[in-house]
Amino acid sequence: MALIAIENIDKWFGHTHVLKGCSANVENGEVVVVCGPSGSGKSTLIRCINGLETIQKGRITVDGVRVHDRSTNLPRLRSRLGMLFQSFELYPHLTLLENVTLAPRRVLGISRSKADSQGMVLLRRVGLALHAQKYPGQLSGGQQQRGAIARSLAMNPAAMLFDEPTSALDPEMIQEVLDVMSELATEGMTMIVVTHEMGFARAVADRVLFMDDGGIIADRPTDEFFDNPPSERARAFLSKIMNHGKSVAARPRALEGGDSAAISPAS
Amino acid sequence: MNSSDLQLILRSLPFLLKGLRVTLILTFLAGTAGILSGVVLSLTRLSRLRPLAWLAFAYVSLFRSIPLLLVLFWIYLLVPMLTNYTMGAFESALIGLTLFEAAYYSEIIRAGIQAVPVGQTEAALATGMTRMQAMRFVVLPQAVRKMAPVLLSQSILLFMDTSVVFVLGIRDFMGVANIIAARDARVTPMYLLVAAVYFVVSLAGSQIVRSAQGRLSPSISRV
Amino acid sequence: MGYEFNWSVLRHQPYLHWLLSGAVITLVLTACIWVLGFLAGSVVGVAATSRRGAIRQAARVYVEVLRNIPPVVQLFLWYFVIPELLPAPWQHYVIHDMPHPEFITCVVALGLFLSARIAEHVRAGIEAVPRRTVEAAFATGLTPFQVYRFVRLPIAYRMLIPTLGSEMMIGLKVTALGLTIGVMEMTARAHQIESFTGRGIEAFTAATIFYAVSALVLVAVVTATEHWFRIPR
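Procedures and definitions
- Residues numbered from 1 in each chain as written.
- Chains lettered and ligands numbered in written order.
- Predicted model: local features only at pLDDT ≥ 70, side-chain atom pairs only at ≥ 80, totals over all residues.
- Helix = DSSP H or I, 4+ residues; strand = E, 2+ residues; numbered from the N terminus.
- Rg over C-alpha atoms; globule rule 2.2 N^0.38 Å.
- Buried ≥ 20, exposed ≤ 12 C-beta atoms within 10 Å, placed from the backbone.
- Contact = placed C-beta atoms within 7 Å.
- Nonpolar A, V, L, I, M, F, W, Y, C, P; charged D, E, K, R; others polar.
- Pairing = 2+ DSSP bridges.
- Axes fitted to C-alpha atoms, helices over the stretch in contact; angles between N-to-C directions.
- Core = buried A, V, L, I, M, F, W, Y, C linked by C-beta atoms within 7 Å.
- Parallel < 35°, antiparallel > 145°, perpendicular 65-115°, else oblique.
- Left-handed = near helix turned anticlockwise from the far one by under 90°.
- Right-handed = clockwise from strand over helix to strand, strands pointing away.
- pLDDT = per-residue confidence, 0-100.
- Expected span 1.5 Å × (residues − 1).
- Arc of directions from axis to C-beta.

### Digging into the overall build of chain A
Inference 1: Counting its regular elements, chain A contains ten helices and ten strands.
Inference 2: Against the compact-globule benchmark of 18 Å for 267 residues, chain A has a radius of gyration of 19 Å, which places it among compact chains.
Inference 3: Expressed along its principal axes, the backbone C-alpha trace of chain A runs to roughly 60 × 50 × 35 Å.
Inference 4: Buried residues in chain A amount to 45% of all 267 residues.
Inference 5: For chain A, contacts bridging at least 24 residues in sequence account for 65% of all contacts bridging at least 6.

Encoded structure:
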């Protein structure tokens, strides 16, 4: 059984039809990238998975539990999912360590000392151990997002949802976050990532979902998606953004109709 | 003002200080109770249960439309009637002031809560917290920190508002000054003194608020 | 509870007359206070933005003094203390010959109190007008006075309509302080009815309804005013 099952969902914001009959399954350990033009509904889709958005038709189940059912314990369900936001959303009034330990202490009831030591392990893992006592305002964007990843990991999630995690970052900080995300993928975390970072997708994702205008246009394994874009739309989209994508594993390649020397970082 | 006026003030100082003490106690107690009630009121106003939210809205609108004196008269009249407990003027004033100021405090806190970005609540919910937990550990702390200077300003206004409780016969600062002014037929020095004291305390308070505004949120300001 | 409600008391004279006169006095008092407050407050508020430091300082002192002394204390100062300090001919007039001394004292004291608050808002409003806009106005050759009249004030006051409306509400509520010097406004009359008939709940309810309705009317007036002066977009 798929860990996350999205079955034919429809969603309206007022009169606007934002999700049209979307279906997808995510198995345990899979890394799925969701991409597409802005306004296609990608963020809305993953926000429905942990119930931050409602749906009017269809259903979503996480590990067998229906997300939008009245009887579902939503906080409990959410504690098993991690979510990363484009704006990081670290709590500015708490230190980095306090950010990480807040949910374990208040939701899981873990003692302060245990939560602190577990939190430090996670901060070490994302490379922020030295900044544990700093406040989010004192950290760079890349550090904040890595901190947010540690905060999500603290709840030991079964799967993690990423809503354009690097879109608000300055270019030089995008890599450090993608590196942490790649490590998570290698360690077997189930991940759904909404992103424009196609280099990351190519290197790390198992599958790519391409969305446009509220529908899932394509759902293909990564290589197949990139080598053989399944629609004109997808092809056009890819060609527009491939020039900006960063490689996780730096591989020299010839860009379409371009001069690779002109676009190398040294210039 | 001449020397005999000054002598009057000096002679009456102990009595006046007692009155000032009453005023300050009233301010402090009503302020604390008012802020706590204000938090409850603002949360109710933002509740997703519509009847409850509407009730809070009605309360706030009503108490912001009527004079404080009327509220004080109401409490002084009603509480003994309802509870068979003969309440002193001080308690009436305390309750009346609290109920009155809570409406103002709640609007301040509500603004603070609504100023916290919705992403903060979402991030908290995403880690498995309930709405109450998110409010308690993430939203309210930020809202109160942000609004602390405004809450302090409102408290200074409360300090000035207490100057009307003498109407119920309470011997606060103004009440004592009235008594002395009537007893010794010396209005000028007394009322000038009262004005001066209120002025100094209120001005000093505003200055403190202004400087606290700079120092209060170092962790939040830099992003 | 053992309280016998008797709402009809309010329909009988003299109590009905008391309620009505209380309402009228309150409304007239509010209007007078507001006119004085608005005019004086505008003058001081504009003065607070003057380029002359001395004028700005004077305005600042005015505002700080009148905002930091409670209105009831100011009322007592005007009623008890200032007549004593006036020069002889004026003093005689004020104490003996002036008609409605309590009412007029109320208007002056509370009007000036309100003017300090309004001055502060007007100052903030004028300073909120974008500097570029003001510079552009000067660049077309307008004198400072004209810049105020045609650019700064129209923009500032439009922004201030809601705030001024809220100050008007304060003006309405502050009239209750008149009862401390014998002005028989609404709250005073309600209290009077309570003393005479023991029907406290009825009397105070009438007063409460009066203030609540007046406040609602005020909100409607403010909204209408905003609409009237709205700049088409």
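From this point, the discussion proceeds with the structure in view.
### Notes on the overall build of chain B
Inference 1: Counting its secondary structure elements, chain B contains nine helices and zero strands.
Inference 2: With the principal axes as the frame, chain B shows a C-alpha extent of 70 × 50 × 25 Å.
Inference 3: Classification of the 223 residues of chain B by burial places 43% in the buried group.
Inference 4: Taking contacts inside chain B between residues at least 6 apart in sequence as the whole, the part at least 24 apart equals 74%.

### Comments concerning the interface of chain C and chain B
Inference 1: With 28 residues of chain C in contact, the opposing surface of chain B contributes 26 residues.
Inference 2: Of all the elements in the fold, those that place two or more residues in the side of chain C that touches chain B are helix 2 (53-67), helix 3 (71-85), helix 8 (186-197) and helix 9 (200-228) of chain C.
Inference 3: Looking at the side of chain C that touches chain B residue by residue, the classes come out as 19 nonpolar, six polar and three charged.

### Quick word on the sheet that holds strand 7 (residues 159-163) of chain A
Residue and element names in this part refer to chain A.
Inference 1: As summarised here, the arrangement of the six strands in space is 6-7-8-3-9-10, forming an open sheet in which the pairing is mixed. Only two strands of the sheet have a single partner each, and these edge strands are strand 6 (81-84) and strand 10 (215-221). The mean angle between the axes of side-by-side strands here comes to 15°, regardless of whether they run parallel or antiparallel.
Inference 2: Across the face of the sheet, helix 5 (residues 141-153) comes into contact with strand 6 and strand 7 while running at roughly 170° to strand 6.

### A few points about the nonpolar core
A general trend in soluble globular proteins is that nonpolar side chains are found buried together.
Inference 1: Formed by 195 residues in total, the largest nonpolar core has its most connected members in Val34(A), Ala177(B), Tyr191(B), Val194(B), Val73(C) and Leu110(C).
Inference 2: Per-element tally for this core: the top contributor is helix 5 (residues 101-128) of chain C, with 13 residues.
Inference 3: The residues touching Val73(C), leaving out its near neighbours within four places in the chain, are Ser163(B), Met174(B), Tyr191(B), Val194(B), Ala195(B) and Tyr198(B).

### Quick look at the environment of Ala103(B)
Residues and elements named next belong to chain B.
Inference 1: Tracing the backbone through its elements, the reader meets alanine 103 in helix 4 (residues 89-115).
Inference 2: Overall, alanine 103 belongs to the buried group, with 21 C-beta atoms counted inside 10 Å.
Inference 3: Note: C-alpha distance between alanine 103 and isoleucine 35 (68 residues apart in sequence) is 9.3 Å.
Inference 4: Look past the residues within four positions of alanine 103 in its chain and what remains in contact with it is Tyr59, Val60, Phe63 and Arg64.

### Describing the interface of chain A and chain B
Inference 1: Between chain A and chain B, the contact holds 23 residues from the first and 21 residues from the second.
Inference 2: Secondary structure elements with two or more residues in the side of chain A that touches chain B: helix 2 (74-79), helix 3 (96-106) and helix 5 of chain A.
Inference 3: Considering only residue class, the side of chain A that touches chain B consists of eleven nonpolar, seven polar and five charged.

### Things to note about the packing of helix 1 (residues 3-45) of chain B against helix 7 (residues 173-184) of chain B
Residue and element names in this part refer to chain B.
Inference 1: Between helix 1 and helix 7, the least distance of the axes is 7 Å, while the angle of their chain directions is 150°. In this view, helix 1 runs roughly antiparallel relative to helix 7, as classed from their interaxial angle. Handedness of the crossing formed by helix 1 with helix 7: right-handed. Contacts between helix 1 and helix 7 involve Leu8, Ser12, Phe15, Leu16, Lys18, Gly19, Leu20 and Thr23 on the former and, on the latter, Phe173, Gly175, Val176, Ala177, Ile180 and Asp184.
Inference 2: Tallied by class, the residues present in the contact of helix 1 with helix 7 amount to eight nonpolar, four polar and two charged.

### Considering the sheet that holds strand 5 (residues 65-66) of chain A
The pairing of strands in a sheet happens through backbone hydrogen bonds and is either parallel or antiparallel.
Residue and element names in this part refer to chain A.
Inference 1: Taken in spatial order, the four strands make up an open sheet running 2-1-4-5, and their pairing is antiparallel. Looking along the sheet, the strands with just one partner apiece sit at the ends: strand 2 (16-26) and strand 5.
Inference 2: Across seven bridges, strand 1 (residues 4-13) lies against strand 2 in antiparallel orientation. Within strand 2, the residue paired with isoleucine 9 across the bridge is cysteine 22.

### Notes on the pairing of strand 7 of chain A
All names here are of chain A.
Inference 1: Taking burial as the measure, the five residues of strand 7 include five buried ones, the bulk of the element.
Inference 2: Alternating residues of strand 7 divide into Ala159, Leu161 and Asp163 and Met160 and Phe162, and every residue in both groups is buried.
Inference 3: Bridge count between strand 6 and strand 7: four bridges; the pairing is parallel. Counterpart to methionine 83 in the pairing with strand 7 is leucine 161.
Inference 4: Across five bridges, strand 7 lies against strand 8 (residues 190-194) in parallel orientation. When the bridges of strand 8 are listed, aspartate 163 appears paired with valine 194.
Inference 5: Read from strand 7 through helix 6 (residues 171-186) to strand 8, the crossover connection turns out right-handed.

### Let's talk about the confidence of the model for chain B
Residue and element names in this part refer to chain B.
Inference 1: Per-residue confidence for chain B gives a mean pLDDT of 89, with 95% of residues at or over 70.
Inference 2: Ranking the elements of chain B by mean pLDDT puts helix 9 (residues 218-221) last, at 40, and helix 5 (residues 118-126) first, at 96.
Inference 3: The low-confidence segment residues 217-223 (pLDDT under 50) makes 15 contacts with residues lying over four places distant or belonging to another chain.

### What about helix 6 of chain A?
For the α-helix, the turn length of 3.6 residues means that residues three or four positions removed from each other point alike.
Residue and element names in this part refer to chain A.
Inference 1: Helix length check: helix 6, at 16 residues, gives a terminal C-alpha distance of 23 Å against a target of 22 Å (1.5 Å per residue), a fit within 8%.
Inference 2: Those residues of helix 6 that sit buried are Ile174, Val177, Leu178, Val180, Met181, Leu184 and Ala185. An end-on view of helix 6 places all buried positions within 160° of arc, on one side of the element. Exposed residues pointing more than 90 degrees away from the buried face of helix 6 are listed as Glu172 and Thr186.
Inference 3: Contacts made by the buried residues of helix 6 are with strand 3 (31-35), helix 5, strand 8 and helix 7 (198-204).
Inference 4: Positive backbone phi, at 100°, marks glycine 188, one or two positions downstream of helix 6.

### Re the arrangement of the chains
Inference 1: For this structure, the chain pair with the highest number of contacts among two pairs of chains in contact is chains B and C.
Inference 2: As for chain C relative to chain A, no contact occurs, and the smallest C-alpha gap between them is 26 Å.

### Comments concerning helix 4 of chain B
Inference 1: Over its 27 residues, helix 4 of chain B extends 39 Å from the first C-alpha to the last, a length consistent with the 39 Å expected when each residue adds 1.5 Å.
Inference 2: Burial of helix 4 of chain B is extensive: 19 of the 27 residues sit out of reach of the surface.

### Considerations on unusual backbone geometry
Backbone phi values are negative for most residues with the exception of glycine, while trans is the configuration of most peptide bonds.
Inference 1: A positive phi angle is found at Glu164(A), which is not glycine, with a value near 50°.
Inference 2: For Glu164(A), a count of 21 C-beta atoms within 10 Å translates into the label buried.
Inference 3: Unusually for a residue other than glycine, His100(C) sits at a positive phi of about 45°.
Inference 4: Examined against the element boundaries, His100(C) turns out to sit in the loop between helix 4 (88-97) and helix 5.
Inference 5: For His100(C), a count of 10 C-beta atoms within 10 Å corresponds to the exposed category.

### Examining the confidence of the model for chain A
Detailed reading of predicted coordinates is not advised where the pLDDT is low.
Inference 1: Residue-level pLDDT values for chain A average 88, and 90% of them are 70 or greater.
Inference 2: In the predicted structure, residues 253-267 of chain A sits below a pLDDT of 50 and forms eight contacts with residues beyond four places in sequence or in another chain.

### Some remarks on the packing of helix 1 (residues 15-47) of chain C against helix 7 (residues 144-174) of chain C
Residues and elements named next belong to chain C.
Inference 1: Where helix 1 meets helix 7, the axes come as close as 11 Å, and the angle between the chain directions of the two elements is 140°. One element, helix 1, and the other, helix 7, form an angle in the oblique class. With respect to the hand of their crossing, helix 1 and helix 7 are arranged in right-handed fashion. In this structure, helix 1 contributes Thr30, Ile33, Trp34, Gly37 and Val46 to the contact, and helix 7 contributes Tyr148, Met168, Gly171 and Leu172.

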